[in-house]
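Okay, here's what each chain looks like letter by letter:
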Amino acid sequence: MEQTIYTQLSEAKKFGQKKFAVLIDPDKVRLAKWQGVLENAIEAGVDYFFIGGSLVVNDMLDYVLKSLKEKCHIPMILFPGNSFQLSYKADAILFLSLISGRNADLLIGKHVITAPFLKVSPLEIISTGYMLIDGGVLTSVQYMSNTNPIPNTKDDIALCTAIAGEMLGLKMIYMDAGSGAKIPVPTSMIEVVSGGISIPLIVGGGIKTPEKALENVRAGADLIVVGNAIEKDPGLISEMAAAIHSYSATSHQKV
Ligand code: 1GP
């Protein structure tokens, strides 16, 4: 039987293999750089594409998914900023509940509306507890979701939120400082949260260097997501992938 994306992620976590996802915001796809991103991702062995953004201004979602599928077999996971960012052309969707916030619509409301569409879709649905962490700047997610992020000094609040998410049956936790964050999720918070849950932990937002990516996987992140830095310099993809995968290859110990 073919492994689902979630099974792959859980297995990888069990064996200490760290994964790397490149975030593609369909609204920000610049055709000139697009080819470079794709080629570098294939060459570097990127594990997943996350596809999503806070808005859909241009109608590029299907184009992006179609051209990715034509060129490679890297799984495409929707990371939707809203209910318009749904497409059967992807492989899976993060069914996100914004558990760091208290906006009922983003905890359950939108899910009720999209449930019938998703129920009959071929997409693999991966329920994910999404935790917005203060990234030192007002991010699009914070503004659009009308929620407060968890203060980045409050490891205990982050931990309890993640534990509650796991207890509610969510399959993954995504700690995000938000796209373009000035301050990425602190290492201490990643350590504390990863030590308190047994489901895969995704970390993203403001990760600009391979060193930071490696620091995060050492701290316990299972999957690193990078968007902005790669949009600026697609050449970073190979260095990021090498750093993240080097952890898997050389050490299964936290340092
Ligand atoms: C945002 O975690 C992602 O949701 C990626 O953030 O664009 O800052 O890398 P960046």
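Structure first, text after, so check above.
Residues numbered from 1 in each chain as written. Predicted model: local features only at pLDDT ≥ 70, side-chain atom pairs only at ≥ 80, totals over all residues. Heavy atoms only, no water.

Looking at the site of the ligand
Taken together, 13 residues lie near the ligand, and D176, S179, G180, G206 and N228 sit nearest. Here G180 contributes a backbone N or O atom positioned 2.8 Å from an oxygen atom of the ligand. One of the backbone N or O atoms of N228 is found 2.8 Å from an oxygen atom in the ligand. Protein chains bury 97% of the 310 Å² of accessible surface belonging to the ligand in isolation. Taken together, the residues of the shell around the ligand break down into four nonpolar, eight polar and one charged. (Near = heavy atom within 4 Å. Polar contact = N/O pair within 3.5 Å; in protein donor to acceptor, adjacent residues only side chain to side chain. Areas by Shrake-Rupley, 256 points an atom, 1.4 Å probe, with all protein chains shown as cover. Nonpolar A, V, L, I, M, F, W, Y, C, P; charged D, E, K, R; others polar.)

Looking at the pattern of salt bridges
For the structure on display, the rule yields eight salt bridges. Of the charged contacts in the structure, one is a salt bridge between D222 and K13, with a shortest N-O distance of 2.9 Å. Of this pair, D222 sits in the loop between α8 (210-219) and β8 (223-226) while K13 sits in helix α1 (residues 5-14), and the two are 209 residues apart along the sequence. A residue is classified by how much of its surface remains accessible, and K13, at 21% relative accessible area, is partly exposed. The residue K66 makes a salt bridge to E70 at a minimum N-O spacing of 3.4 Å. Placement of the pair is K66 and E70 together in helix α3 (residues 61-71), with a separation of four residues, close to one helical turn. The exposure class of K66 is partly exposed, given its relative accessible area of 47%. By relative accessible area, which is 56% here, E70 ends up exposed. A cluster of three or more residues bridged by salt bridges with shared partners is formed by K13, K18 and D222. (Salt bridge = Lys/Arg side-chain N within 4 Å of Asp/Glu carboxyl O. Helix = DSSP H or I, 4+ residues; strand = E, 2+ residues; numbered from the N terminus. Buried < 20%, exposed > 50% of the residue type's maximum accessible area, 1.4 Å probe, protein only.)

A look at the packing of aromatic side chains
Within this structure, the stated rule accounts for six aromatic pairs. Each ring, one from Y130 and one from Y174, has its centre 5.3 Å from the other, and the planes form 80 degrees; the classification is edge-to-face. With a gap of 44 residues between them, Y130 in strand β5 (residues 124-132) and Y174 in strand β6 (residues 172-176) connect regions that are remote in the sequence. We classify Y130 as buried; its relative accessible area is 5%. Aromatic rings pair up to connect F50, F79, Y130 and Y174 into one cluster. Geometry around Y6 places K171 over its ring, the cationic atom sitting 5.3 Å from the centre. (Phe/Tyr/Trp six-rings, centres within 6.5 Å; stacked < 30°, edge-to-face > 60°. Lys NZ or Arg CZ within 6 Å of the ring centre and 35° of its normal.)

Details of unusual backbone geometry
Despite not being glycine, N146 shows a phi value in the positive range, around 55 degrees. Structurally, N146 can be placed in the loop between α5 (140-145) and α6 (155-167). The class of N146 is exposed, set by a relative accessible area of 68%.

A few points about the side chain of S100
Summarising the element assignment, S100 is placed in the loop between β4 (92-98) and α4 (104-119). Dropping the residues within four chain positions of it, S100 is found in contact with Y130, M131, L132, N148, I150 and T161. (Contact = heavy atoms within 4.5 Å.)

A short note on the sheet that holds β8
In space, the eight strands of this closed barrel follow the order β1-β2-β3-β4-β5-β6-β7-β8, with parallel pairing throughout. Taking each pair of neighbouring strands and ignoring which way they run, the sheet shows an average axis angle of 30 degrees. Alignment of strand β1 (residues 19-24) against β8, held across four bridges, turns out to be parallel. If you follow K19 over to β8, its bridge partner there is L223. α1 contacts β1, β2 (48-51), β3 (76-78), β4, β5, β6 and β8 of the sheet and is inclined by roughly 55 degrees relative to β5. (Pairing = 2+ DSSP bridges. Axes fitted to C-alpha atoms, helices over the stretch in contact; angles between N-to-C directions.)

Here we look at the pairing of β1
The element β1 is extensively covered by neighbouring structure, given that six of its six residues are classed as buried. Here β1 runs beside β2; their pairing, made up of four bridges, is parallel. The residue bridging A21 from the neighbouring strand is Y48, located in β2.

A word on a nonpolar patch on the surface
A cluster of nonpolar side chains, namely L55, V57, L138, Y143 and M144, defines an oily patch on the protein surface of about 570 Å² accessible area. Position of L55 among the secondary structure elements: in the loop between β2 and α3. (Patch = residues over 30% accessible without salt bridge, like charges linked within 9 Å, V, L, I, M, F, W, Y side chains within 5 Å.)

Functional significance is not addressed by these values, which are geometric in nature.
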